[in-house]
Every structure is written in structure tokens, then in C-alpha cells.
Amino acid sequence: QVQLTESGGGLVQAGGSLRLSCAASRRIFNAMGWFRQAPGKEREFVAATSWSGGSTDYADSMKGRFTISRDNAKNTVYLQMNSLKPEDTAVYYCAAGRDGSARNLRARADYWGQGTQVTVSS
């Protein structure tokens with residue numbers, strides 16, 4: 001079992017930036033990534049990185065604005081979010097997949113964090 005703990009959420013104005021962090025409780029060789037859920041909407045995929053960090057996957061609406069990275073020495077994955085829009089407001093969840101593939105994590109996550117709120121004001 002592995003625990004995932006997110007941090008870095010908060011309130012930011014439109015056009016601003018935030019960096020989310022997610023620390024795993026132990027070293028894992030799984031893909032890690034982020035999903036989000038806005039009020040009244042289903043949870044959606046945001047981004048994922050392979051266990052090595054060499055392969056990434058993004059939802060189309062996040063490409064060019066969000067960057068995912070990981071530091072395996074710290075068991076941590078990051079999500080740098082730039083040019084934020086009010087529609088990015090959501091609870092952001094860290095996730096880990098069943099294997100090292102970023103593509104597979106997009107379809108299924110086996111581990112979840114508790115979530116961190118991101119609010120973008122207009």
C-alpha cells in the first residue's frame with residue numbers, strides 16, 4: 001500500500017500560476033499523475049508521468065499550460081500550472097497507477113490522494 005499526500009493548492013487570480021506537489025509514502029515504480037474534479041462534474045484526467053519521468057501524457061486542454069515532473073529521490077510528483085483560468089477551479093487529486101506507464105494511468109489509477117483545492121478567480 002502507498003499513501004499519497006498533496007500540497008500546494010490555494011486561491012489564485014486568472015492568469016496566475018500554482019505548483020502542486022504530491023509525496024508518496026515510499027519509493028514506488030508506478031506512474032504518477034493528477035486528476036481533477038470540478039463541482040457538479042466527473043473526475044477527469046489532467047496529466048501523468050511514467051515511473052522514470054521520461055514519458056508524459058496530458059489532457060488536451062492542459063497541454064502548453066501544465067507541466068508534470070517527478071523527483072524519485074523525494075518520491076514526489078509535481079504539477080506546474082500556468083496561465084490558470086477560472087474553469088481550472090477544482091479539487092486536484094494525485095494518483096498512482098498499477099504499473100509504470102503514464103498512458104495506463106490515464107485509464108485507471110490504483111492509488112489516490114485526498115485532494116487539494118485549487119480556486120481560480122476571474
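Participant: Even after reading the chapter, I still don't get the overall build of the chain, so can you show me in this structure?
Facilitator: Along the backbone of the chain there are one helix and 11 strands. Against the globule reference of 14 Å for 122 residues, the chain gives a C-alpha radius of gyration of 13 Å, in line with a compact fold. Viewed in the frame of its principal axes, the chain has a C-alpha envelope of about 40 × 25 × 25 Å. Here the chain, with 122 residues, has 46% of them falling under the buried criterion. Taking as baseline every contact in the chain between residues at least 6 positions apart, the subset at least 24 positions apart corresponds to 58%. Carbon and sulfur atoms make up 44% of the accessible area of the chain, which amounts to about 6,200 Å² in all.

Participant: Sorry, what's going on with the packing of aromatic side chains here?
Facilitator: For any pair of aromatic rings, the description consists of the separation of the ring centres together with the inter-plane angle of the planes. Taken as a whole and assessed by the stated rule, the structure comprises four aromatic pairs. Ring plane angle 75° and centroid distance 5.5 Å describe the contact between F35 and F45, whose orientation is recorded as edge-to-face. Note that F35 is positioned in strand 4 (residues 32-37) and F45 in strand 5 (residues 44-49), a separation of 10 residues in sequence. The burial state of F35 is the same as that of F45; both residues are buried. Centre to centre, the rings of F35 and W112 are 5.0 Å apart; their planes meet at 65°, and the pair counts as edge-to-face. Separated by 77 residues along the polypeptide, F35 in strand 4 and W112 in strand 10 (residues 111-112) bring together distant segments of the chain.

Participant: Explain unusual backbone geometry to me, please; I cannot follow it from the model alone.
Facilitator: When glycine is set aside, most residues are seen to have a negative phi, and most peptide bonds are trans. Even without being a glycine, N75 presents a positive backbone phi close to 55°. Following the sequence through the fold, N75 ends up in the loop between strand 7 (66-71) and strand 8 (76-81). Its identity as a non-glycine residue notwithstanding, S83 has a phi of 50°, on the positive side. With respect to the secondary-structure elements, S83 resides in the loop between strand 8 and strand 9 (90-96).

Criteria and cut-off values
- Per chain, residues are indexed from 1 in the order of the written sequence.
- Restriction of local features to residues with pLDDT of at least 70 applies here, the model being predicted, together with a cutoff of 80 or more for giving and counting side-chain atom pairs; totals for whole chains, interfaces and linings are based on all residues.
- As a convention, hydrogens and water are excluded, and side-chain values are obtained from all of the structure's heavy atoms.
- Only runs of H or I of at least four residues qualify as helices and only runs of E of at least two qualify as strands under DSSP, and these elements are numbered from the N terminus.
- With C-alpha atoms as the basis for the radius of gyration, the globule rule is written as 2.2 Å multiplied by the number of residues raised to the power 0.38.
- Burial here depends on accessible area, computed with a 1.4 Å probe over protein chains only, as a share of the maximum for the residue type. Under 20% is buried, over 50% is exposed, and the range in between is partly exposed.
- Any two residues whose heavy atoms approach within 4.5 Å at even a single point are treated as in contact.
- Using a 1.4 Å probe, accessible areas were evaluated by the Shrake-Rupley method; residue-level cover was limited to the displayed protein chains.
- When the centres of two rings from Phe, Tyr and Trp lie within 6.5 Å, Trp using its six-membered ring, the rings pair. Their planes under 30 degrees apart give stacked, over 60 give edge-to-face, and anything left gives tilted.

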